[in-house]
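Structure at a glance
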Amino acid sequence: MFKPQVQRGMKELDRSAFNLTRSVVALRVPTKSLGHIKSDLAEDVLRIPKVLNVVSDNSEKNDHKLVLLRPEITSTSLDEGSDKLRALVRENGWETLTHDVTLGYDNWTVYDILRAVLPDPTQAPTAYEQIGHIAHMNLRDEYLEYKNIIGQVILDKSPTVTMVVNKLDTIDNTFRNFKMEVLAGEPNFIAQVRENDCVFKFDYSKVYWNSRLHPEHERLTNSFKLGSSVCDVMAGVGPFAVPAARRGSLVWANDLNPASYEALVDNIGLNKVQDRVRAFKMDGRDFIRQAFTDFYASTQNGTLSLPPIPKSANASRSRPAVAKPDPQPIAVASRSFDHVVMNLPAIAIEFLDAFRGLFRRVTGSDDSSVNLPLIHAHCFTKSDEPEKDILQRACRAMGYPEEQYLDLDAEVFYVRKVAPNKDMYCLSLNLPKSVAYANDDEM
């Protein structure tokens, strides 16, 4: 297979340096036979992006064409070709000859170009996360001197990317954002992403978004039943809150980051779920205490309800309409939140301390009519025993006996690997009654 000429040390992109002309073996065949020839010889014909494998033979009659063969076939005797190729050439008396193919920058992949440029061709950094029109890279130190050419090649070769950025530091735990630099393209950090049948719009330079968490967003929101009540403590721009609301949950969503809160409010409106989501901008612990207090108070006068989910706007117009009963309001039967989501993996488990004694303060007594929530706390671990590590950390945060960690009604779900020795998990924990109703003097 053809490869571009090696250009070790190039740091400013010169596209013309990757031009290449090579000879390939060709068959001169009747134009009328082209259809079945290309089908019969599928494994032998040339296949290079943006390069024609059937070209003119420059004859006056134009009744023949040249079919170009793959570069591994180097001789007109077709020794490297398939048995079928040689048999067809013999049967039909087709002429074999050579033809020059000119390749340029547009014909090479990102991997081809970067392998030709970087010092170690086996480690070309071509991976990136795409957030709307933004390609986000996390370049290792040894590639920083080549960052501009890497960014430009990614931009050139990715049709839906208009800006390439590189992460400069670690995520800030308070607002979950990080500094970045633009490697290529026009600076425009306002991204729009579609996920789980929802649209999210935000300033990527000021908020946290990770497209690799799409499966986790979907998994968790799909677990919420119709009419569930959800308390999203670190909601970000709404990847859990908005889909949950669209599926018929009542959601109270909070984020301390002003930019995340602003995007959350916008995304609630953009997805038309403002009648199912309330947005807050508070410290996480303060929000937990206030939200549970206010939610319990709101149920004193009876069962809460939500507007029905609108009928689908995508119903088929080609089928006759079938009369269906009008959708009914959605009952929210619980007197407390059914689910709590805490998606701040670096420190979310620590926020479990806010639940100790919470229900004694909210209800004033052990109220059997009040359900205890299922808490979903995302977290990191480097332990060889991740489940034990996570459960014991949860015990310490809640003031629950650490040696009794196996008694917890909990599940530890693997989410993804974030570094060679660091994994992300989701702890789904039914809040223990002994913690929920603990006396204040036990805290």
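Residues numbered from 1 in each chain as written. Predicted model: local features only at pLDDT ≥ 70, side-chain atom pairs only at ≥ 80, totals over all residues. Heavy atoms only, no water.

1. Quick word on the overall build of the protein
Convention followed: Counting from the N terminus, the helices are DSSP H or I runs at least four residues long and the strands are E runs at least two residues long. Radius of gyration means the value over C-alpha atoms here, while the globule rule gives 2.2 Å times the residue count to the 0.38 power. A contact between two residues is defined here by any heavy atoms of the two lying within 4.5 Å. Per-residue and other accessible areas follow the Shrake-Rupley method at a 1.4 Å probe size, with only the shown protein chains counted as cover for residues. Note on charges: Lys and Arg go in the positive column, Asp and Glu in the negative column, and His and the chain ends are not counted at all. In this description, the location of a charge corresponds to atom NZ of lysine, CZ of arginine, CG of aspartate or CD of glutamate.
Within the protein one finds 11 helices and 19 strands. Its C-alpha atoms give the protein a radius of gyration of 30 Å, clearly above 22 Å, the size a compact globule of 443 residues would have. For the protein, the C-alpha atoms occupy an extent of roughly 95 × 60 × 40 Å along the three principal directions. Sequence separation of 24 or more characterises 67% of the internal contacts of the protein that already satisfy a separation of 6 or more. On the protein, roughly 22200 Å² of surface is accessible, and the fraction owed to carbon and sulfur atoms is 47%. Within the protein, one finds 53 positive and 59 negative side-chain charges whose respective centroids are separated by 5 Å.

2. Quick word on the sheet that holds strand β3 (residues 64–68)
Selection rule: One requirement defines pairing of two strands: DSSP has to find at least two bridges between them. All axes here are fitted lines through C-alpha atoms, helices being fitted over the stretch that makes contact, and every angle between N-to-C directions spans 0 to 180 degrees.
With antiparallel pairing, four strands are arranged side by side in an open sheet as β2-β3-β1-β4. Single-partner strands in this sheet number two, and they are β2 (54–56) and β4 (95–103). When the angles between neighbouring strand axes are averaged without regard to direction, this sheet yields 40°. Note that strand β1 (residues 20–30) and β3 share five bridges and pair antiparallel.

3. Remarks on the pairing of strand β17 (residues 374–381)
Convention followed: Accessible area is worked out with a 1.4 Å probe on protein chains only. A residue is then buried under 20% of its type maximum, exposed over 50%, and partly exposed in between. Crossover handedness is defined by viewing with both strands directed away from the observer: a clockwise path from the first strand over the helix to the second marks the crossover as right-handed.
In terms of burial, β17 is largely enclosed, as six of its eight residues are buried. When strand β16 (residues 339–342) meets β17, the two strands line up parallel, connected through four bridges. What sits directly across from valine 340, in β17, is isoleucine 375. Running through helix α9 (residues 358–363), the crossover from β16 to the neighbouring parallel element β17 is right-handed.

4. Remarks on helix α5 (residues 214–222)
Each α-helix turn comprises 3.6 residues. Residues three or four places apart therefore point the same way. Condition: Of all possible arcs, the one meant is that of the directions from the helix axis to the C-beta atoms.
Among all positions in α5, only Glu216, His217, Leu220 and Thr221 are buried. Relative to the axis of α5, the buried residues are bounded by an arc of 120° and lie together on one face. Against β9 (190–195), α6 (241–246), β16, β17, β18 (410–419) and β19 (422–430) lie the buried residues of α5.

5. Section: the pattern of salt bridges
As a reminder, the rule being used: Salt bridge, as used here, is a side-chain nitrogen of Lys or Arg placed within 4 Å of a carboxyl oxygen of Asp or Glu.
Within this structure, the stated rule accounts for 15 salt bridges. In this structure, aspartate 353 engages arginine 285 in a salt bridge whose closest nitrogen and oxygen atoms are separated by 2.9 Å. Of the two residues, aspartate 353 sits in the loop between β16 and α9 while arginine 285 sits in helix α8 (residues 284–298), which places them 68 residues apart along the sequence. Taking relative accessible area as the criterion, aspartate 353 reaches 28% and is therefore assigned partly exposed. Salt-bridge contacts for aspartate 389 lead to arginine 393; the nearest nitrogen and oxygen are separated by 2.9 Å. Separated by four residues within a single helix, aspartate 389 and arginine 393 lie in helix α10 (residues 386–398), roughly one turn from each other. Judged by its relative accessible area of 22%, arginine 393 falls in the partly exposed class. The network of salt bridges with shared partners includes Asp44, Arg70 and Glu72.

6. Focus on the sheet that holds β17
The strand order across the open sheet built from seven strands is β13-β12-β11-β16-β17-β19-β18, with neighbouring strands paired in mixed fashion. Among the strands making up the open sheet, the edge pair consists of β13 (277–280) and β18. Here the strands of the sheet are splayed against their neighbours by 15° on average, with no regard to which way each runs. By the bridge criterion, eight bridges tie β18 to β19 in an arrangement that is antiparallel. Looking at the pairing, glutamate 411 lines up with serine 428 of β19.

7. A few points about the packing of helix α3 (residues 110–117) against helix α4 (residues 147–157)
Under the convention used in this document: By definition in this entry, angles of less than 35 degrees are roughly parallel, angles greater than 145 are roughly antiparallel, angles of 65 to 115 are roughly perpendicular, and the rest are oblique. Left-handed describes a crossing in which the near helix is turned anticlockwise from the far one by less than a right angle; the clockwise case is right-handed. Three classes are used, and their members are as follows: Ala, Val, Leu, Ile, Met, Phe, Trp, Tyr, Cys and Pro are nonpolar, Asp, Glu, Lys and Arg are charged, and the others, Gly among them, are polar.
Two elements in contact, α3 and α4, have axes separated by 10 Å at closest approach and are oriented at 160°. In this view, α3 runs roughly antiparallel relative to α4, as classed from their interaxial angle. α4 is crossed by α3, and the crossing has right-handed handedness. Where α3 approaches α4, its residues Val110, Ile113, Leu114 and Val117 are matched on the opposing element by Ile149, Ile150, Val153, Ile154 and Lys157. Of the residues belonging to the contact of α3 with α4, the class tally is eight nonpolar, no polar and one charged.

8. A word on the confidence of the model for the protein
Definition in use: The predictor's confidence in any single residue is recorded as pLDDT, a number from 0 to 100.
In this model, the protein carries a mean pLDDT of 91, and residues with pLDDT of at least 70 account for 94%. In the predicted structure, residues 313–317 sits below a pLDDT of 50 and forms zero contacts with residues beyond four places in sequence or in another chain.

9. A closer look at unusual backbone geometry
In the Ramachandran plot, asparagine 62 falls in the positive-phi region, its phi being about 60° despite a non-glycine side chain. Within the element layout of this structure, asparagine 62 appears in the loop between β2 and β3. For asparagine 196, which is not glycine, the phi torsion reads 50° and is therefore positive. Structurally, asparagine 196 can be placed in the loop between β9 and β10 (198–203). Overall, the relative accessible area of 8% leaves asparagine 196 in the buried class.

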